[in-house]
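If you want the building blocks of each chain, they are given just below.
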Amino acid sequence: MRFSEATGRKLVSTTSAETVGKIDGFVVDPQRRAVVAIECKKTDSGDILLWSDIVGFGADAVTVNDAGAITEAPAGIDALLGKDHHLLGKRILSSTGDELGKVGDVEFDPESGVVKALNFAEGQIAGARLIGVGSYAVVVTPG
Amino acid sequence: MSRLMRTSELHKRPVVTMGGEDVAQIKDVVFAAGGGAVGGFALAGRGLFSGPSDCGLVWGAVAALGSDAVMIDDESVLGSSESVLDASAGSGGSGGDVMGSQALTDSGVDLGKVVDVIIEVQGPRGSQCDAIGYEIEASEALGTKGTRVLIPLPDTLAASGDHLMLPAAAKDFVSQDLAGFGAAVEAFREHLSQGR
């Protein structure tokens, strides 16, 4: 699944069957090369949903047990939050210091959250090559 | 894999950590080993919230020097700008600026004025970053007065800040562009070693 197609998808609680929010963005841990949380909007409580609290990542909705799973920045991932750690639109630098392009989209596994690939105009970079995501660039190992 | 670069291109190139943060940018290239190698970089801060502006980066701490960024492991490898100058001086750096000095052959012919330094970057974590040539504004002696040409350097050379001494043969190995320059440098150094 791609970030672009999943963004805006509704979050539904399995206990109340109500829509509790919408996907606004993704929090990626470059060390684990995986999506570790989802940034939400239109929620009642906070705006972060940990990946581990997701019941199902479906084609039409993402389900959670309870709206309470969406909280203010939980401990442990606050260092990964914010625009500085977003991937989309950021320049891609190889660890040799060469710019490869800009991140157009990110493909991830909806089961595990693992980043499978970074898409950019000139092609695709395997998610396993991801080293770091910072305010200036997404750093990947050379191909 | 090695590649050639002009040091003037390095100016303002960002210094980026493997975590993707641009922590500084290159202000100046510091040469070591009598001008024969890059000893490190003097850095300037980046942007409005730039940190300490007076810092340096020794060549040994550079993970890679690419065409778009200088890669380092993390911010902890940055030192003071003095540390770079000290480290370079310790290895025999003159500290003098070669830009603008006159390239003289050992036979006393003025080849032109130095306007840029060409360095050779080895693959990732290259052991050394050699200065392999100079770009000079050619004098009459080269027959292409006023144009910029690339001239290879021997392994070791003498430079005073005013003059740069080159073997007379250097003018037979002049290149017009970087593409063929690597081969010209090799041929030149080969030629020198045979002459000894």
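Residues numbered from 1 in each chain as written. Chains lettered and ligands numbered in written order. Predicted model: local features only at pLDDT ≥ 70, side-chain atom pairs only at ≥ 80, totals over all residues.

The next subject is the overall build of chain A. Check the secondary structure of chain A and you find 1 helix and 14 strands. A compact globule built from 143 residues should have a C-alpha radius of gyration of about 15 Å, and chain A, at 15 Å, falls within 12% of that. Taken along its principal axes, the extent of the C-alpha atoms in chain A is 50 × 30 × 20 Å. The buried share of chain A, taken over its 143 residues, is 37%. Across chain A, every contact between residues at least 6 apart in sequence was considered, and the portion connecting residues at least 24 apart equals 43%. (Helix = DSSP H or I, 4+ residues; strand = E, 2+ residues; numbered from the N terminus. Rg over C-alpha atoms; globule rule 2.2 N^0.38 Å. Buried ≥ 20, exposed ≤ 12 C-beta atoms within 10 Å, placed from the backbone. Contact = placed C-beta atoms within 7 Å.)

Residues and elements named next belong to chain B. In this model, chain B carries a mean pLDDT of 81, and residues with pLDDT of at least 70 account for 84%. In this model, residues 91-95 is a region of pLDDT below 50 whose contacts with residues beyond four sequence positions or in other chains number 16 contacts. Scored as a whole, the predicted complex attains pTM 0.85, and scored at its interfaces, ipTM 0.87. (pLDDT = per-residue confidence, 0-100.)

Here the focus is the interface of chain A and chain B. Between chain A and chain B, the residue contacts involve 16 residues of the former and 18 residues of the latter. Only β8 (91-94), β13 (130-133) and β14 (137-140) of chain A provide two or more residues apiece to the side of chain A that touches chain B. Class assignment of the residues belonging to the side of chain A that touches chain B gives a composition of 7 nonpolar, 7 polar and 2 charged. (Nonpolar A, V, L, I, M, F, W, Y, C, P; charged D, E, K, R; others polar.)

Now for the pairing of strand β5 (residues 54-57) of chain A. Note: β5 of chain A against strand β6 (residues 61-64) of chain A, 3 bridges, orientation antiparallel. What sits directly across from Phe57 of chain A, in β6 of chain A, is Val62 of chain A. (Pairing = 2+ DSSP bridges.)

Moving on: the sheet that holds β14 of chain A. Within a beta sheet, neighbouring strands are joined by backbone hydrogen bonds and run either parallel or antiparallel to one another. Residues and elements named next belong to chain A. The 4 strands lie next to each other as β9-β8-β14-β13, forming an open sheet whose pairing is mixed. For this open sheet the edge positions go to β9 (99-102) and β13, each flanked by a neighbour on one side alone. Taken pair by pair, the neighbouring strands of this sheet meet at an average axis angle of 25 degrees, ignoring direction. (Axes fitted to C-alpha atoms, helices over the stretch in contact; angles between N-to-C directions.)

Turning our eyes to something else, we now look at the environment of Leu118 of chain A. Residues and elements named next belong to chain A. Take Leu118: it is sitting in strand β11 (residues 115-120). Put simply, Leu118 and Val106 are 12 residues apart on the chain and 4.7 Å apart in space, counted from C-alpha to C-alpha. Excluding its chain neighbours within four sequence positions, the residues that come into contact with Leu118 are Leu87, Ile92, Val103, Val106, Gln124, Ile125, Gly127 and Val138.

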